[in-house]
Amino acid sequence: DAGMDAGVVERRVFVTSTTQNAGLGGVDGADSICAAQASTAGLTGEFKAWLSTIDSPAADRLAQSSDPYVLVDGTRIADDWDDLTDGTLAVILNLDATGEPRGGDVWTGTLTNGLSYLDSDCDGFTSGASAGSALCGSTQTINAGWTASQVPRCDTPLRLYCFEQ
């Protein structure tokens, strides 16, 4: 189509349709959940969780794209990585890999700038025990709360955000 910008590649993002406690198997386990849900929905490409441990921030784990970040329906949430990490999204990030709305909180361990929340991380997101806690975000807001809203116990069932690489 002559009207399309052939140089623009969009990075799709979604929230998982399932919830799980923080015993995710670390960032690799969380990435596997994202990959599986993307594959089941027919999304091609590599997807990783927007998840940080104290030792491994999302800003180091994920591609910092100069391309727009969009929901699976094409709605733009951020113009690029800098826009994604400036503390505000354009719209709420609440669609799953199939485009269905999903509400609730999301395990992140990640501050708005993509760096790690350093107070606690449920043993690197390997523990779903009630004794620990980790940072989560909310699918219901576009301000900093999308990634950093509260610190629930590790046994709380929450979703994940998944980002195309």
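Heads up: the structure comes first, above all this text.
Looking at this structure, I do not really get the pairing of strand β7 (residues 159-164). What am I missing?
Consecutive side chains of a regular strand alternate in pointing toward one face of the sheet and then the other. For β7, the tally of buried residues reaches six of six residues, placing the bulk of the element in the interior. Residues Arg159, Tyr161 and Phe163 point to one face of β7 and Leu160, Cys162 and Glu164 to the other, with burial holding for every one of them. Judged from the three bridges that link them, strand β1 (residues 11-15) and β7 form a sheet pairing that is antiparallel. The partner of Val15 across the bridge, within β7, is Tyr161. As judged from the three bridges shared by strand β2 (residues 47-49) and β7, these two strands associate in the antiparallel manner. Along β7, the bridge assignment pairs Ala49 with Cys162. In this structure, strand β5 (residues 105-107) lies alongside β7, joined through two bridges in parallel fashion.

What should I look at first to understand the nonpolar core in this one?
Buried together is how nonpolar side chains tend to be arranged in soluble globular proteins. Counting 21 residues, the largest nonpolar core has Phe14, Leu51, Trp107 and Phe125 as its most contacted members. When contributions to this core are tallied by element, the ones reaching two or more residues are α1 (26-40), β2, α4 (122-125) and β7. Ranked by residue count, the leading element in this core is α1, at four residues. Of all hydrophobic cores here, the second largest spans 19 residues; its members include Ala59, Tyr69, Ala78 and Leu89.

For this particular structure, what's the right way to read the pattern of salt bridges?
Side chains that differ in sign of charge can pair as their charged atoms come close. Within this structure, the stated rule accounts for six salt bridges. With its nearest N and O atoms 2.9 Å apart, the salt bridge here joins Arg12 to Glu164. Here Arg12, found in strand β1, pairs with Glu164, found in strand β7; they are 152 residues apart in sequence, far enough to count as distant. According to the relative accessible area criterion, Glu164 is buried, its value standing at 12%.

I'm lost on α1 in this one. Help?
Between its first and last C-alpha, α1 extends 22 Å over 15 residues, near the 21 Å set by a 1.5 Å rise per residue. All buried positions along α1 are accounted for by Gly26, Val27, Gly29, Ala30, Asp31, Cys34, Gln37 and Ala38. Buried residues belonging to α1 abut β1, β2, α2 (58-61), α4 and β7.

Got a minute to help me understand the environment of Val72 in this structure?
Positionally, Val72 belongs in the loop between β3 (69-71) and β4 (76-78). With a relative accessible area of 24%, Val72 lands in the partly exposed category. Each C-alpha atom of the pair Val72 and Arg11 lies 9.1 Å from the other, and the pair is 61 residues apart in sequence. Among all residues touching Val72, those that are not within four sequence positions of it are Val13, Phe14, Leu43, Leu95, Asp96, Ala97 and Gly99.

I'm lost on the packing of aromatic side chains in this one. Help?
Geometrically, a pair of aromatic rings is defined through the distance of the ring centres and the angle of the planes. A full pass over the atoms with the stated rule returns seven aromatic pairs. Seen from their ring centres, Trp107 and Phe125 are 5.9 Å apart, and the 70° between their planes marks the pair as edge-to-face. Taken as a pair, Trp107 in strand β5 and Phe125 in helix α4 lie far apart in primary sequence, 18 residues in all. The exposure classification of Trp107 matches that of Phe125, with both residues buried. For the pair Trp146 and Tyr161, a centre-to-centre distance of 5.4 Å together with 55° between the ring planes defines the contact as tilted. Placement of the pair is Trp146 in the loop between β6 (136-138) and β7 and Tyr161 in strand β7, with a sequence separation of 15 residues. Pair check on accessibility: Trp146 and Tyr161 agree, each one buried.

Rules of the game
Residues numbered from 1 in each chain as written. Predicted model: local features only at pLDDT ≥ 70, side-chain atom pairs only at ≥ 80, totals over all residues. Heavy atoms only, no water. Buried < 20%, exposed > 50% of the residue type's maximum accessible area, 1.4 Å probe, protein only. Helix = DSSP H or I, 4+ residues; strand = E, 2+ residues; numbered from the N terminus. Pairing = 2+ DSSP bridges. Core = buried A, V, L, I, M, F, W, Y, C linked by side-chain atoms within 4.5 Å. Salt bridge = Lys/Arg side-chain N within 4 Å of Asp/Glu carboxyl O. Expected span 1.5 Å × (residues − 1). Contact = heavy atoms within 4.5 Å. Phe/Tyr/Trp six-rings, centres within 6.5 Å; stacked < 30°, edge-to-face > 60°.

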